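One-letter residues, chain by chain:
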Amino acid sequence: MKIASWNVNSIKARMPILRGWLETVQPDVVLLQELKGLEFPAEELRALGYHSAAVTQKSYNGVAVLSKQPLEVVSTTLAGDDEDSHARFLEVLIEDALGAGSGPLRVVCLYVPNGNPVGTEKFEYKLRWTDRLIEQMRLWLAETTPTVIGGDMNVIPTDMDCHKPASWAKDALFQPEVKARYAQMLGMGWMDAFRTLHPDQGGLFTYWDYFRNAFETNRGIRIDHFLLSPALHGRLVGCEIDRAPRMMEKPSDHTPIVMELG
DNA sequence: ATGTCAGTTCCAAACTGA
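Residues numbered from 1 in each chain as written. Chains lettered and ligands numbered in written order. Predicted model: local features only at pLDDT ≥ 70, side-chain atom pairs only at ≥ 80, totals over all residues. Heavy atoms only, no water.

How we decide: UniProt positions are given in the numbering used here, feature names are shortened, and annotations may be inferred rather than shown by experiment.
Going by the annotation in an unreviewed UniProt entry, the name recorded for chain A is Exodeoxyribonuclease III, with Terriglobus aquaticus given as the source organism. Quoted verbatim from the Sequence similarities (unreviewed entry) field of the UniProt record, the comment on chain A reads "Belongs to the DNA repair enzymes AP/ExoA family."

Laid out in structure tokens, this is it:
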């Protein structure tokens, strides 16, 4: 089965590209981030063959999961802070996603806070949010349900994941505290699907600034990730970044990452 | 500081967020 993740930077603005991409690529499951509005085109996506669940808010954030098979929403909020109202988290179950009799697959769609600028409340929120996520990831590992976590994690894991480390040194996505938390997730047993299959290939990114011809000159960063629980490590068949949607008219600043599980 | 795009708002130039 094919599962993709894409920060669309407004579902409304990206629907023309998303529609064509779904028809061409035909992923079984799609995780979307940065919907940027209360409206969600569930009926239009249903007509394209996808069930969906979405968590939206006005103007900002917003996450959704699309699935060719029916999905069951488990949670629309990340545990650990009742005051947190951002639409950044969606946990669903998809029955038999890995084939008949395979049981439920847990799919978690994330839009981790950006955290810029460093030294502000926004950065503190990013760290606290990530710590809450790590606690939840610990609980998932203690259960038997195989789990895929995917989304815009807003972390550049290593120097290899950006065109030029020096130019990201002051950015929230590249701070030691942020990279350490991502490394902690890997240390707990979560597998970075893309990096596992491409262990020493630099220059492979999922995001490029809109300005200064960043895409054309490949000055980008790898911040959209898939993490696999141990039960799924042996099922990882492929994981690629699809640059095609970033080359189209009116693109998102992110492009999809597509993973194959067997 | 700059660059660009999307959403929002005293409806349209200026803001916020990324």
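Description of the pattern of salt bridges
Going by this rule: Within this document, salt bridges are pairs made up of a side-chain nitrogen of Lys or Arg and a carboxyl oxygen of Asp or Glu, the two lying within 4 Å of each other. A run of H or I in DSSP counts as a helix once it spans at least four residues, and a run of E counts as a strand once it spans at least two, with each numbered from the N terminus.
In total, this model carries 10 salt bridges according to the counting rule given. The closest approach of N and O atoms between E135 and R138, which form a salt bridge, is 3.4 Å. Linking E135 with R138, this pair stays in helix α3 (residues 121-141), spanning three residues, or about one helical turn. Here the residues in one salt-bridge network are D161, D192, R195 and R222, joined through shared partners.

A few points about the sheet that holds strand β4 (residues 63-67)
Applied cut-off: For two strands to pair, DSSP has to find at least two bridges joining them. To get an axis, fit a line to the C-alpha atoms, keeping to the stretch in contact for a helix; angles then go from 0 to 180 degrees between the N-to-C directions.
Spatially, six strands are ordered β3-β4-β2-β1-β14-β13 in an open sheet, and the strand pairing comes out mixed. Edge strands, defined here as strands with exactly one partner in the open sheet, are β3 (51-55) and β13 (236-241). Pairs of neighbouring strands in the sheet enclose a mean axial angle of 10°, with direction left out of account. Across four bridges, strand β1 (residues 2-7) lies against strand β14 (residues 257-261) in antiparallel orientation.

A closer look at the packing of aromatic side chains
Cut-off, in case you're wondering: Between 30 and 60 degrees the pair is tilted, below 30 it is stacked and above 60 it is edge-to-face, where a pair is any two Phe, Tyr or Trp rings, Trp via its six-membered ring, whose centres lie within 6.5 Å. Each residue gets one of three labels from its accessible area relative to the maximum for its type: buried under 20%, exposed over 50%, partly exposed in between, using a 1.4 Å probe on protein chains only. Look at NZ for Lys and CZ for Arg. If either is within 6 Å of the ring centre and within 35 degrees of the ring normal, a charge sits over the ring.
For the structure on display, the rule yields three aromatic pairs. Where W208 meets F215, the ring centres are 4.8 Å apart and the plane angle is 85°; that geometry is what we call edge-to-face. Each member of the pair, W208 together with F215, is buried. Stacked on the ring of F174, the Lys or Arg K179 has its end atom at 3.6 Å from the ring centre.

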